[in-house]
Amino acid sequence: MIPGRFYPVFAGHEIWQDLAAYLDRLAPSQVFLLTDEHVRHHCMAILYDKMPALKESPVFVLPPGEGSKDAWHAEAVWKWLSEYPAGKDALLINLGGGVVSDLGGFVAGTYKRGITFINLPTTLIGQADAAVGGKTGINLEGFKNQVGTISHPGAVFICPAFLKSLPVRALVSGYPEIIKTALVTGAEFWDDLNRVVLEAPEALPSLIRRCVMAKLSVADLDPEDRNERKCLNFGHTIGHALEGVSHSNGNEPLLHGEAVAAGMICEAYISTLLTGLDNRALDKMASLLKIFYDRPVQTRMDMSRFLMFASRDKKNSGGEIRFTLIEAPGKPVIDCPVQNEIIEKALRFYRESYTS
Ligand SMILES: NC(=O)c1ccc[n+]([C@@H]2O[C@H](COP(=O)([O-])OP(=O)(O)OC[C@H]3O[C@@H](n4cnc5c(N)ncnc54)[C@H](O)[C@@H]3O)[C@@H](O)[C@H]2O)c1
């Protein structure tokens, strides 16, 4: 068990006893389950096998993917709860990846001004990142995470068995968030990361644990994302804009982690220009990311469109695009204004270093 300031996180194959004990203690009036189609197909049997009583709980199944993280689906889940009707003492269980925990946390955090929810993450991004920290939300007109709350889960239960059915592309898209957390939260974690065989499956449980501890140590200090916590946004200004553009142009959209990987390389390059990051640290980070991404992200695009997406980022202030940059591993610098020409230069750098 990892004790957080606001809620505990349980990780490992034994979480089922902890979940049963948690449900006994909470004694909710009703239990509702939120999931998506892929997760229902691959993970529901595991959940029902371990927790047969949950077979009685109503289930809302979202279409899979980022498209479900919007106001239309949030309203559909609110209505579903309301029509039952779910009372103030009901519990919502979010079983799925980052989309399910972001949407489900938002719905639970706002329905009747907040009912209890717990997260059972089933993707690597969910287990290492999205299910903890209390940030919940939805996209608005294709712009990422524009509406949301800080709503803490009652608890988080991380079961390694769920990752077995995850398609390789979705699994791989979890690594950039691990690399980012190591890079911004401590030189020690970063050095250790450079020593482990990252893609070895046996490394995952301990990496997930370290990410959760590192994320909680920052998010618990600054749950509202006003100061220290902003370090976790490294790679996400350019990453979210690339993700937003890719969802809007009708081609196959990028996964969140794929966009963040490209965003991290661009923002590390900007850090070499503006905050004195050593080129060797940039190379080290880029070579770690290249273990997983041999296919470059398309960064040749209409710049005004890209900048329109970047300008909607939540971190911006006073009309400026604000970045989290890094001085060195473990030394993030928050709220850095970056000019459009530098952003363009970084996208060019990414393109050239991936295609040469
Ligand atoms: N709130 C936060 O702090 C935070 C942090 C990081 C990312 N996020 C958000 O998380 C989202 C990305 O998360 P994600 O990559 O988990 O996306 P996701 O939830 O869309 O899952 C990716 C795909 O894997 C499928 N899937 C999930 N679990 C599976 C399993 N065990 N077996 C087979 N298929 C499975 C899903 O159906 C989906 O198709 C983004 O919206 C991002 O903004 C939030």
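As shown above, the structure is provided for reference.
Residue positions within a chain follow its written sequence, with the count starting from 1. Given that this is a predicted model, residues contribute local features only at a pLDDT of at least 70 and side-chain atom pairs are listed and counted only at 80 or more, while totals for whole chains, interfaces and linings are drawn from all residues. Derived side-chain values reflect all non-hydrogen atoms in the structure, with water molecules and hydrogen atoms excluded from consideration.

Peer 1: Even after reading the chapter, I still don't get the overall build of the chain, so can you show me in this structure?
Peer 2: Segments assigned H or I by DSSP are reported as helices when at least four residues long, segments assigned E as strands when at least two residues long, and all are numbered from the N terminus. Scanning the chain from terminus to terminus reveals 14 helices and eleven strands. In terms of overall dimensions, the chain is globule-like: its C-alpha atoms have a radius of gyration of 20 Å, near the 21 Å expected for 356 residues. On the principal axes, the C-alpha backbone points of the chain span a range of 55 × 40 × 35 Å. Relative accessibility under 20% of the residue-type maximum defines a buried residue, over 50% an exposed one, and the middle range a partly exposed one, all with a 1.4 Å probe and only protein chains included. Taken across its 356 residues, the chain has 56% of its residues classed as buried. Considering only intrachain contacts with a sequence separation of at least 6, the fraction spanning at least 24 residues in the chain is 76%. Within this scheme the basic residues Lys and Arg register as positive and the acidic residues Asp and Glu register as negative, but His and the chain ends are omitted. One atom stands in for each charge, and that atom is NZ of Lys, CZ of Arg, CG of Asp or CD of Glu. Between the averaged position of the 36 positive side-chain charges in the chain and that of its 41 negative side-chain charges there is a distance of 1 Å. C-alpha atoms define the radius of gyration, and 2.2 Å times the number of residues to the power 0.38 defines the globule rule. By definition, residues are in contact when any of their heavy atoms lie within 4.5 Å.

Peer 1: How do you make sense of the sheet that holds strand S1 (residues 2-3) when you look at a structure like this?
Peer 2: For sheets, the rule is that strands pair by backbone hydrogen bonds, running either parallel or antiparallel. The criterion for strand pairing is that DSSP finds at least two bridges linking the strands in question. With mixed pairing, seven strands are arranged side by side in an open sheet as S1-S2-S9-S6-S5-S3-S4. A single partner strand is all that each edge strand has here, and the edge strands are S1 and strand S4 (59-62). Of the strand pairs in this sheet, strand S2 (residues 8-11) and strand S9 (residues 155-158) are connected by three bridges, and their pairing is parallel. When the sheet's bridge partners are listed, Val9 is paired in S9 with Val156. Lines fitted to the C-alpha atoms define the axes, with helices restricted to the stretch that makes contact. Angles between their N-to-C directions range from 0 to 180 degrees. Sitting on the sheet, helix H3 (residues 71-83) touches strand S3 (31-36), S4 and strand S5 (91-96), and the angle it makes with S4 is about 170°.

Peer 1: Is there a simple way to explain the site of the ligand in this structure?
Peer 2: Surrounding the ligand, one finds 27 residues, the nearest of these being Asp36, Glu66, Thr123, Lys144 and Ser165. In the analysis that follows, any N or O atom pair within 3.5 Å is treated as a polar contact, provided that within protein one partner can donate a hydrogen and the other can accept it, and provided that, for residues neighboring in sequence, both atoms belong to side chains. Asp36 is positioned with one of its side-chain polar atoms (N or O) 2.7 Å from an oxygen atom of the ligand. Take Lys135: an N or O atom from its main chain is 3.0 Å from a nitrogen atom of the ligand. Starting from 860 Å² of accessible surface for the ligand in isolation, the protein chains cover 91%. Broken down by secondary-structure element, the contributors of at least two residues to the shell around the ligand are helix H2 (37-50), helix H4 (98-110) and helix H5 (124-130). Broken down by element, the residue count for the shell around the ligand peaks at four residues, all from H2. Under the grouping applied here, Gly and all other residues not named as nonpolar or charged are polar, the nonpolar ones being Ala, Val, Leu, Ile, Met, Phe, Trp, Tyr, Cys and Pro and the charged ones Asp, Glu, Lys and Arg. Taken together, the residues of the shell around the ligand sort by class into nine nonpolar, nine polar and nine charged. Distances are taken per atom, and a residue is near a molecule or strand as soon as one of its heavy atoms is within 4 Å of it. For the area figures, the Shrake-Rupley method with a 1.4 Å probe applies, and any residue is considered shielded solely by the protein chains shown.

Peer 1: I would appreciate a short explanation of the nonpolar core in the present structure.
Peer 2: Buried together is how nonpolar side chains tend to be arranged in soluble globular proteins. Side-chain atoms within 4.5 Å are what join buried Ala, Val, Leu, Ile, Met, Phe, Trp, Tyr and Cys residues into a set we call a nonpolar core. One finds Val9, Ile178, Ile179, Leu193, Ile238, Met285 and Phe306 to be the most contacted residues of the largest nonpolar core, which totals 76 residues. A per-element tally of this core places helix H11 (residues 256-274) first, with ten residues. One finds Met44, Ile118, Leu120 and Ala161 within the second-largest nonpolar core, a separate group that totals 25 residues.

Peer 1: Is there a simple way to think about H4 in this case?
Peer 2: In an α-helix there are 3.6 residues to a turn, and that puts residues three or four apart on one side. Between the first and last C-alpha of H4 there are 18 Å, a value that for 13 residues agrees with the 18 Å anticipated at 1.5 Å per step. Burial within H4 is extensive, with eleven of its 13 residues counted as buried. Gly98, Val99, Val100, Ser101, Asp102, Leu103, Gly104, Gly105, Phe106, Val107 and Ala108 are the residues of H4 that are buried. Once H4 ends, the next one or two residues include Lys112, with phi positive near 50°. Here, expected helix span is obtained from the residue count minus one, scaled by 1.5 Å.

Peer 1: How should I be thinking about the side chain of Gln127 in this particular structure?
Peer 2: Within the fold, Gln127 resides in helix H5. Relative accessible area serves as the criterion here: at 1%, Gln127 is assigned to the buried category. Filtering out sequence-adjacent residues up to four positions away, Gln127 remains in contact with Pro121, Thr122, Ile158, Cys159, Phe162, Leu163, Ile208 and Val212.

Peer 1: Which parts of the structure should I look at to understand the side chain of Ser101?
Peer 2: As for its placement among the helices and strands, Ser101 is situated in helix H4. Looking at Ser101, the relative accessible area reads 6%, which means it is buried. From its side chain, Ser101 meets the backbone oxygen of Gly98 in a polar contact 3.5 Å long. For Ser101, the contacting residues outside a window of four places in its chain are Asn94, Asn119, Ala130 and Ala131.

Peer 1: Sorry, what's going on with the packing of aromatic side chains here?
Peer 2: Two aromatic rings are characterised by how far apart their centres lie and by the angle between their planes. The pairing test for Phe, Tyr and Trp rings, Trp by its six-membered ring, is centres within 6.5 Å, and the orientation test on the planes gives stacked under 30 degrees, edge-to-face over 60, and tilted for anything in between. The full count for this structure, using the stated rule, is ten aromatic pairs. Relative to Phe162, the ring of Trp16 lies with its centre 6.1 Å away and its plane at 85°, an arrangement referred to as edge-to-face. Separated by 146 residues along the polypeptide, Trp16 in helix H1 (residues 15-26) and Phe162 in the loop between S9 and helix H6 (168-172) bring together distant segments of the chain. The pair Trp16 / Phe162 is uniform in exposure class, with both members buried. Whether a charge lies above a ring is judged from NZ of Lys or CZ of Arg, which has to be within 6 Å of the ring centre and within 35 degrees of the ring normal. The ring of Phe143 carries Arg312 above its face, with NZ or CZ at 4.0 Å from the centroid.

Peer 1: Sorry, what's going on with the environment of Lys88 here?
Peer 2: Counting through the fold element by element, Lys88 comes out in the loop between H3 and S5. Note on Lys88: relative accessible area 45%, which makes it partly exposed. Along the backbone, Lys88 and Thr136 are 48 residues apart, and their C-alpha atoms lie at a distance of 19 Å. Excluding anything up to four places from it in sequence, Lys88 contacts Lys112, Arg113, Gly114 and Ile115. A polar atom in the side chain of Lys88 sits 3.0 Å from the backbone oxygen of Lys112. Polar side-chain contacts of Lys88 include one of 2.5 Å to the backbone oxygen of Gly114.

Coordinates in, geometry out; function isn't part of it.
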